[in-house]
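What the coordinates show
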Amino acid sequence: MKKLSVLLGALMCASFSHATTLEAHDCWIRAMPPNLPSSGYFTVSNNGDKPATLTATDAPAFGMTMMHKSDMKSGTASMSPVDSVDVPAHGTLQFAPKGYHLMFEQPVKPLQVGSTIPLKLTFADKKSIDVNCVVKSAATVRK
C-alpha cells in the first residue's frame, strides 16, 4: 500500500509539474464568414528548464486546424504550414498576426463575436494544455 501511495504521489507531481510549466493564454480567433478560413492567436509560456515542442492543435468547433507561419521576402508576403514550433525554456512562443498563427477551416457553425471556443495544444511529449479562445471581430488587429 505504501508503494502505491508513493507511485500515486509521483504521478500527481509529474502531472502538476507539466501543468504549471506550460501555460497558454491570451487566445483569440478572428471571426470570418463560414466560407473563409479564420485565424487564431495565443501565447504559450514555458517556465520549465527544457524547451517544449508544439506539434498539434485541435478545436472541435472546426473541421480543420493548422499551424502556419507568415513571412515577408523581397516585399512579398507568404504563408506556409509548419509541423511544429518550439517554445524555449523560460520563454514564450507567440502566435500573432504576421507571424505564427493558426488557420481554422470548416466551422461547425457560424462564429459569434464574443463567444469562446476551446482549443487543445499538444506537445511532442504527448501532453496537452487546453485554452479558451475569445471570438473577435474580423477587423481586430491585436488582442
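Residues numbered from 1 in each chain as written. Predicted model: local features only at pLDDT ≥ 70, side-chain atom pairs only at ≥ 80, totals over all residues. Heavy atoms only, no water.

The name given to the protein chain in an unreviewed UniProt entry is Copper metallochaperone Cox17 protein, and the organism recorded there is Candidatus Burkholderia pumila.

Take the nonpolar core next. Residues Phe42, Val44, Leu54, Phe95, Leu119, Leu121 and Phe123 are the most contacted members of the largest nonpolar core, which totals 27 residues. Not counting residues up to four positions away in its chain, the partners in contact with Leu119 are Cys27, Phe42, Thr57, Asp58, Ala59, Leu102, Phe104, Ile129, Asp130, Val131 and Cys133. (Core = buried A, V, L, I, M, F, W, Y, C linked by side-chain atoms within 4.5 Å. Buried < 20%, exposed > 50% of the residue type's maximum accessible area, 1.4 Å probe, protein only. Contact = heavy atoms within 4.5 Å.)

Moving on: the state of the cysteines. Scanning the entire structure with this criterion turns up one disulfide. Between the sulfur atoms of Cys27 and its disulfide partner Cys133 the distance amounts to 2.0 Å. Because the torsion about its S-S bond is 70°, the bridge between Cys27 and Cys133 counts as right-handed. Taken together, the residues span a long stretch of sequence, with Cys27 in strand E1 (residues 22-30) and Cys133 in strand E10 (residues 128-136) at a distance of 106 residues. In terms of burial, Cys27 and Cys133 fall into one category: buried. (Disulfide = S-S within 2.5 Å. Helix = DSSP H or I, 4+ residues; strand = E, 2+ residues; numbered from the N terminus.)

The next thing to look at is the pattern of salt bridges. As enumerated under the stated definition, the model contains one salt bridge in all. One salt bridge connects Asp71 with Lys69, and the closest N-O pair in it is separated by 4.0 Å. Its relative accessible area of 25% is what places Asp71 among the partly exposed residues. (Salt bridge = Lys/Arg side-chain N within 4 Å of Asp/Glu carboxyl O.)

Once that is clear, we can look at the pairing of strand E4 (residues 62-73). Where E4 lies against strand E8 (residues 100-107), seven bridges are found, and the strand directions are antiparallel. Counterpart to Phe62 in the pairing with E8 is Pro107. Hairpin connection of E4 to strand E5 (residues 76-81): two residues between the antiparallel strands, including Ser74 at a positive phi of 50°. (Pairing = 2+ DSSP bridges.)

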